Amino acid sequence: MHRKLSEEDAAFQQEMRDFFTTKVPQDLRDRWAGGGEPAADDIRAAQRLLNEAGLAVTGWPTEYGGRDWSTLQRHIWLTEMQAASVPPPLAFNASMVGPVIATFGSEEQKKRFLPATANLDIWWCQGFSEPDAGSDLASLRTTAVREGDEYVVNGQKTWTTLGQHADWIFALVRTNPDAPKKQMGISFLLIEMDAPGVSLRPIQLIDGGHEVNEVFFENVRVPADQLVGEENKGWDYAKFLLGNERVGVAPVGSIKRWLANAKAHAQQITTAHGTLLDDPLLAARIAELECQVMALELTALRVAGGSRDGKPDPASSILKLRGSQLQQDVLELITDIAGPSGLAWTSIQDELAWASHATATYLNFRKASIYGGSNEVQRQIISTGILGLKG
Ligand SMILES: Cc1cc2nc3c(=O)[nH]c(=O)nc-3n(C[C@H](O)[C@H](O)[C@H](O)COP(=O)(O)OP(=O)(O)OC[C@H]3O[C@@H](n4cnc5c(N)ncnc54)[C@H](O)[C@@H]3O)c2cc1C
C-alpha cells in the first residue's frame, strides 16, 4: 500500500478542501461543530449546496447524479467534509434509500423520488428496527396485507432517527407470514409520514434531546406502486442498503477535528503548572489517541483503496468497531477536560460554551457502538469473515 496520495488524488483532496471551507458558510459549519441537537434547516441547506455542486449523492449511479469516483476518492470527500464540519448529506437519503430506488425501483419511482431525494426536498427516515427486531432484523412483525391496489400496514417501528422531520419512511414489512424462511416474506415499502394512521412518538434521550422516535402504523393504506422491486424480496434490498450503510463508517475527519478541539480546550484551562495541555498524563493520553487515530486512518485508506469493485469489504467491520470506540474515547477525553464545567449543561461563561456540550455529546455518542450494526455483531463478522473462526 502507498501511504502517500498520488498527485491526482492530492489535487482532488485540495479541491474538496477548498469547496467545503469556502463554499459552505462558516456560521453553518460552526453550529454543526458546536454539537447539540442537529438543526434540520442546516442539514437541508448544506445538502442543497452540495447537491448543486454535484457533491451530495456521489455514490449513486452517474445517470442520477452520482460520480464515478474510486472508493479512495469517496473516502477523501467524506473526510474533508467532516474535517470542515459540514453537515453530511442525510444518510437515509444519500446512502440508504436513494441507491435502493436507483437500483431496484421502477422507472416511475426513479423519476418521482430520486431528484427530490438528492436535494432533500423529501426527507426520508428508516423504518427497519422494531421492539423485538434489531440485530435479529428478520424477526420484524409489521404486516402489509395486499387489498386491491393497496397494502394495509399495521405494526410498530422504533429508534427512527430524525423521524420528526421526515416526509417519508422506507419500511420493511412482512407480506408473507408463511414463507419457509422469515427472510423470504419481507417487502420494502415507501410510506408517507402524513398518511392517515401513521403516528410518531418521540423517545426522550439521556442527553436531553429526542433524535429518535417510535413510529406506529394503524391500518395505513399504501398505494401498491410504492412497493420497491418485487414483493417478498425486501430482504435482498435491505442487505444491499446495509452494505452501503457500512461504507464510510469510520468518521476519521470528525475524530481528528474533535481531538484538535480537545487540545485547544486543554490549553484554555490554567493549572498551577501552566495549562492542562502541559499535564504529562493528559499529554500522554492525547498522544496515544493521536496514534490510534492515525492507525484508523491508514486502515480506512487501505480498505478504501482495496475495494474497487464497489462491494463492501468485511474489513469495514473493523472500521465500524474502531471508529465508534475512538469516537467515544475522544469525547470522553473532552468530558474529562471540561471537568465540573461539563456538568453545567447550559453555558456559564461564553469561553467555556464548548464545556456545556461536552457531557451531553459524550452521552449521545454512546449510540455509535449500537446503531448501524452493534459492535458485538461486528466482532462476529470479523471473527467469521476475516479470521475464519467458526462460531
Ligand atoms: C441512536 C440510534 C439510532 C438508530 N436509528 C435507527 C433508525 O433510524 N432506523 C432503524 O430502523 N433503526 C435504528 N436504530 C436501531 C439499531 O439498528 C438497533 O438498535 C441495532 O441494530 C441493535 O438492535 P437492538 O437495539 O434491538 O439490540 P439487540 O439486537 O436486542 O441487542 C442487544 C444486545 O445483544 C447483542 N447481540 C445481539 N445479537 C448478537 C449476536 N448475534 N452476537 C453477539 N451479541 C449480540 C447486541 O450487540 C446488544 O449488545 C438506531 C439505534 C440507535 C441506538
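Residues numbered from 1 in each chain as written. Predicted model: local features only at pLDDT ≥ 70, side-chain atom pairs only at ≥ 80, totals over all residues. Heavy atoms only, no water.

Undergrad: Even after reading the chapter, I still don't get the overall build of the chain, so can you show me in this structure?
TA: When you go through the chain residue by residue, the secondary structure sums to 12 helices and 10 strands. When the 391 residues of the chain are sorted by exposure, 47% land in the buried category. Residue pairs at least 24 apart in sequence account for 72% of intrachain contacts in the chain once pairs closer than 6 positions are excluded. For the chain, the accessible area works out to roughly 18,900 Å², and carbon and sulfur atoms hold 53% of it. (Helix = DSSP H or I, 4+ residues; strand = E, 2+ residues; numbered from the N terminus. Buried < 20%, exposed > 50% of the residue type's maximum accessible area, 1.4 Å probe, protein only. Contact = heavy atoms within 4.5 Å. Areas by Shrake-Rupley, 256 points an atom, 1.4 Å probe, with all protein chains shown as cover.)

Undergrad: Help me out: how do you make sense of the pattern of salt bridges in this one?
TA: Two side chains carrying opposite charge are able to pair once their charged atoms lie near each other. For the structure on display, the rule yields 17 salt bridges. When the shortest N-O distance is used, the salt bridge between Arg201 and Glu214 registers 3.1 Å. Note that Arg201 is positioned in strand E6 (residues 198–203) and Glu214 in strand E7 (residues 212–223), a separation of 13 residues in sequence. Taking the relative accessible area as the measure of exposure, Arg201 reaches 46% and is therefore partly exposed. Here the salt bridges do not stand alone but share partners, grouping Asp27, Arg31 and Asp42 into one network. (Salt bridge = Lys/Arg side-chain N within 4 Å of Asp/Glu carboxyl O.)

Undergrad: Help me understand the packing of helix H10 (residues 316–338) against helix H12 (residues 375–386) in this model?
TA: Two quantities define a packed helix pair, namely the angle between the axes and the distance from one axis to the other. Where H10 meets H12, the closest approach of the two axes is 8 Å, and the angle between their N-to-C directions is 145°. Between H10 and H12 lies a crossing of left-handed hand. Note on element contacts: H12 touches H10 through Asn375, Gln378, Arg379, Ile381, Ile382 and Ile386, opposite Ser317, Ile318, Lys320, Leu321, Ser324 and Gln325. Partitioned by chemical class, the residues of the contact of H10 with H12 number five nonpolar, five polar and two charged. (Axes fitted to C-alpha atoms, helices over the stretch in contact; angles between N-to-C directions. Left-handed = near helix turned anticlockwise from the far one by under 90°. Nonpolar A, V, L, I, M, F, W, Y, C, P; charged D, E, K, R; others polar.)

Undergrad: Explanation requested: the site of the ligand in the structure shown.
TA: For the ligand, the set of nearby residues contains 17 residues, the closest of which are Ser135, Trp159, Thr161, Ser374 and Glu376. One of the backbone N or O atoms of Phe128 is found 3.0 Å from an oxygen atom in the ligand. Note that an oxygen atom of the ligand is positioned 2.5 Å from one of the side-chain N or O atoms of Ser374. Top element by residues in the shell around the ligand is H12. It accounts for three residues. Of the residues assigned to the shell around the ligand, the class counts are seven nonpolar, eight polar and two charged. (Near = heavy atom within 4 Å. Polar contact = N/O pair within 3.5 Å; in protein donor to acceptor, adjacent residues only side chain to side chain.)

Interpretation note: all reported values are geometric properties and have no functional meaning in isolation.
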